[in-house]
Amino acid sequence: MSNIELSEQELIRRGSLQKLRDLGINPYPANEFKINATANQILTSFDPETGNFQDVIFAGRLMSQRIMGKVSFGELQDESGRIQIYISRDEICPGEDKTLYNEVFKKLLDIGDILGVKGYVFVTQMGEITIHVREFTLLSKSIKPLPVVKEKDGKTFDAFTDPEQRYRQRYLDLIVNPGVKEVFLKRTKIINQMRDLFNERGYVEVETPILQPIPGGAAARPFVTHHNALNIPLYLRVANELYLKRLIVGGFEGVYEFSKDFRNEGMDRTHNPEFTVMEIYVAYKDYNWMMDFTEEMIERVALSLHSKTLVTVGEKLIDFKRPFKRITMYESIKEHTGFDISEMNEEELREVCLKLGIECDNTMGKGKLIDEIFGEKCEGHYIQPTFITDYPVEMSPLCKKHRNNPELTERFELMVNGKELCNAYSELNDPIDQLERFQEQLRLSQKGDVEAMFIDMDFVRALEYGMPPTSGMGIGIDRLTMLMTNSVSIQDVLLFPQMKPEKRAEEDPAEKYTELGIPVEWVEVLLKMGYKKVSQLKEVKPGKLFNDLCGFNKKNQLGLPNPSANDVSNWLN
RNA sequence: GACUCUGUAGCUCAGCUGGUAGAGCAAUUGACUCUUAAUCAAUGGGUCGAGGGUUCGAAUCCCUCCGGGGUCACCA
């Protein structure tokens, strides 16, 4: 990057960088810096009576500086929090030479620099636990100014809130906004709690392919990519269900995977193109067992995060205490619409949709119609955790038929806060039935359903060898995290949510300028002055351009030898 | 995709019915030995998102485009 692209403050920081080097200070030293305390440890366990922490070595990012002549205060932020530091000139510089304090600390250090300090902990007259610095080391120089967020009495000033910048530059968000890190620590804790539970039960964590020749296991539009060596299309997985069930066929009796899935669909507050799902399959179980297990898992997560089962989500208070309410899908629809659809065929369902004012078209089969009615009229009502059970067979091509009613399947979804959180089945293990269900999906696909599943013949073959009765469950980790951290958008629980690419104004490459005989050093000046394209340049009068160039050179003290008026008009001709 | 709000200094924002820009923080210089949104004094910093139009004159009004937020729709 050329210097004219930089802001004044960036130039000053680069200047400081050079001055540090001139003073023999390496702004990016290689040495290990061994700390022996964190901010949080000091703040929670410092005790002036016992006089602990009298020899601390601490490192962190300089977040503020208050210089008061011969002494200064500042704040260093490490992973665990912020702690104040105190520096006195004559302690840092006991001799005649006060450069280290007057120049280095006061002038050449900036907010954002990473510092290591050695000293002892004490309490200031204002009562703040502080590190009295005996020695400091610059560990990394920051040459781009941070957004400065200040806080007093719990009020935040100049908060860094622009969502685009926060998500795009998450590192800044994490540095500057307290509380952001908390969400991600909680996310990890949620995952760890689940993993602990599964491992305690002896279930095995496995990894299955992300690149799949047939994207199976869910109704969704996949991303397509291409494998050069095999010369075949490959799909990014939309689910890992079919692979995990192959493992049950293979003799594992409990497998689970935290899996990144990918769906080529819209993006909004609750959808990111890549997202995390946990799927688990346990042999010799059915969906009733899985409901109990799911309750246990979720209650455990809530307790581990909040030490209670009540969780505030927006305006609502949600109680994750076991047991959760259970209701069948037909009962739910009956309750919220008054229609008993249990005996209806496709035509009758379409009429119900019409009466309820739900849009539908001819590509929609029976399952999709019921799904629409439920989604439109029922889903939103389930704020407290509720299992919706016994879905129609058309909606669930991988799920075993209900033991008491072949029109239904042994499936449940867990609804919380009006949204689906989990999805689970008594898994279909009848290979002949499975093939028929796939073929039905194919018919839907031919009718125009872009989400209908592909037929996976190898999966059917696996079932032909025999899969034990199995129950499986999938849960959206992002949505679970949203609930547990009271986050309104999925972007808040993903470290790096998908963003549109950053756009810059288009500009011609430097060669197009140099072709005209313009020296390289002037090309960047022209770009900075706003002549992003050669065509723009051609439109200005040579006299004006000559004047502007010389003016820019002088104003910005670039120290370039000015071109002659002749040169300039030659460029333009 | 529709509607709506929005784009001004490094950051957060002001700028009335048109008269070519302001504040706080940050930065620079200086003062200050327990401060904490430190304080005090001085200074620098802006093609007002881009292009076009109306006008003697546009950050402000109009049009087009670009970027962003929100709501809705599509979509789990």
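Conventions adopted
Counting restarts for each chain, with residues numbered from 1 along the sequence as it is written. Lettering of chains starts at A and numbering of ligands starts at 1, both following the order in which they are written. Restriction of local features to residues with pLDDT of at least 70 applies here, the model being predicted, together with a cutoff of 80 or more for giving and counting side-chain atom pairs; totals for whole chains, interfaces and linings are based on all residues. Heavy atoms from the whole structure form the basis of all side-chain values; hydrogens and water molecules are not counted. Elements are defined by DSSP. Helices are runs of H or I of four residues or more, strands are runs of E of two residues or more, and each kind is numbered from the N terminus. Note on exposure labels: buried denotes an accessible area under 20% of the residue type's maximum, exposed denotes more than 50%, and partly exposed covers the range between, all computed with a 1.4 Å probe on protein chains only. To measure how exposed things are, a 1.4 Å probe is used in the Shrake-Rupley method; for residues, cover is taken only from the protein chains shown. For our purposes a nonpolar core is just a set of buried Ala, Val, Leu, Ile, Met, Phe, Trp, Tyr and Cys residues, chained together by side-chain atoms within 4.5 Å. Two residues qualify as a contact provided that any one of their heavy atoms is within 4.5 Å of a heavy atom in the partner residue. The directions considered for the arc run from the helix axis to the C-beta atoms. Between N or O atoms, a polar contact is any pair within 3.5 Å; within protein, one atom must be a potential hydrogen donor and the other a potential acceptor, and residues adjacent in sequence are included only when both atoms are from side chains. Here the rule is simple: two strands pair whenever DSSP picks up at least two bridges between them. Each axis is a line fitted through C-alpha atoms, taken for helices only over the stretch in contact, and angles between the N-to-C directions span 0 to 180 degrees. Here a residue counts as near a molecule or strand whenever at least one of its heavy atoms sits within 4 Å of it. Any carboxyl oxygen of Asp or Glu that lies within 4 Å of a side-chain nitrogen of Lys or Arg is treated as forming a salt bridge with it. Orientation is classified from the angle alone, with under 35 degrees giving roughly parallel, over 145 giving roughly antiparallel, 65 to 115 giving roughly perpendicular, and any other angle giving oblique. Put simply, a crossing is left-handed when the front helix is turned counterclockwise from the back one by less than a right angle, and right-handed when it is turned clockwise. Under the scheme applied here, ten amino acids are nonpolar (Ala, Val, Leu, Ile, Met, Phe, Trp, Tyr, Cys and Pro), four are charged (Asp, Glu, Lys and Arg), and all others, including Gly, are polar.

A. A look at the overall build of chain A. Along the backbone of chain A there are 20 helices and 22 strands. Along the longest, intermediate and shortest principal axes, the C-alpha atoms of chain A span 90 × 80 × 50 Å. Split into buried and exposed, the 573 residues of chain A put 46% on the buried side. Roughly 29400 Å² of accessible area belongs to chain A as shown, and the carbon and sulfur atoms make up 49% of that amount.

B. Summary view of the nonpolar core. If you look at the biggest cluster of nonpolar residues, it comprises 38 residues, and the most contacted ones within it are Met194, Phe198 and Ile475. Looking at this core, the element that brings in the most residues is helix α9 (residues 287-306), giving nine residues. Each residue touching Ile475, except ones within four places of it in the same chain, is listed here: Met194, Thr276, Val277, Met278, Met297, Ile298, Leu421, Cys422 and Leu480. Of all hydrophobic cores here, the second largest spans 28 residues; its members include Leu20, Ala37, Ala39 and Ile85.

C. Quick peek at helix α14 (residues 457-464). Those residues of α14 that fall on the buried side of the exposure criterion are Phe459, Val460, Ala462 and Leu463. Viewed end-on, α14 has its buried residues packed into an arc of 155°, placing them on one side of the element. Where α14 is buried, its residues contact α8 (241-249) and α13 (431-447). You can read the cap of α14 off the contacts: a side-chain oxygen lies 3.2 Å from the backbone nitrogen of Asp458, and it is on Asp456. Remark: Gly466 follows α14 within two positions and exhibits a positive phi of approximately 105°.

D. The arrangement of the sheet that holds strand β2 (residues 71-78) in detail. Read around the barrel, five strands follow the order β1-β2-β3-β5-β4 and close on themselves; strand pairing throughout is mixed. The average undirected angle you get between the axes of adjacent strands in this sheet is 50°. Where strand β3 (residues 81-88) lies against strand β5 (residues 129-140), three bridges are found, and the strand directions are parallel. When the bridges of β5 are listed, Gln84 appears paired with Thr130.

E. Structural detail: α8. α8 sits mainly inside the fold: seven of its nine residues count as buried. Considered for burial, the residues of α8 that qualify are Glu241, Leu242, Tyr243, Leu244, Lys245, Arg246 and Ile248. Along its buried surface, α8 packs onto β9 (211-212), β12 (254-262), β13 (274-283), β21 (419-426), α14 and β22 (470-476). Two residues or fewer past α8, Gly251 is found with a positive phi of approximately 115°.

F. Molecular detail of the protein's contact with RNA strand B. Residues in close proximity to RNA strand B total 38 residues, the closest being Gln84, Gln125, Lys150, Glu379 and Glu451. In RNA strand B, atoms within 4 Å of the protein come from the sugar-phosphate backbone in 55% of cases. At 2.9 Å from a base nitrogen of RNA strand B is found a side-chain nitrogen or oxygen belonging to Gln9. Arg66 is positioned such that a nitrogen or oxygen atom in its side chain is 2.7 Å from a base oxygen of RNA strand B.

G. Examining the pattern of salt bridges more closely. If you walk through the whole model with that rule in mind, you get 36 salt bridges. Residue Asp110 pairs with Arg13 through a salt bridge whose shortest N-O separation is 4.0 Å. You can see Asp110 sitting in the loop between α4 (99-108) and β4 (114-123) and its partner Arg13 sitting in helix α1 (residues 8-22), a full 97 residues away along the chain. For the pair Asp110 and Arg13, one class covers both residues: buried.

H. Broad picture of the packing of helix α11 (residues 346-356) against helix α12 (residues 366-377). Two numbers describe how α11 lies on α12: the axes approach to 9 Å, and their chain directions differ by 25°. With respect to each other, α11 and α12 are oriented roughly parallel. Note on packing geometry: the crossing formed by α11 with α12 is left-handed. Here α11 contributes Glu346, Leu349, Arg350, Val352, Cys353 and Leu356 to the contact with α12, which in turn contributes Lys366, Leu369, Ile370, Ile373 and Lys377. Classifying every residue of the contact of α11 with α12 by side-chain character gives seven nonpolar, no polar and four charged.

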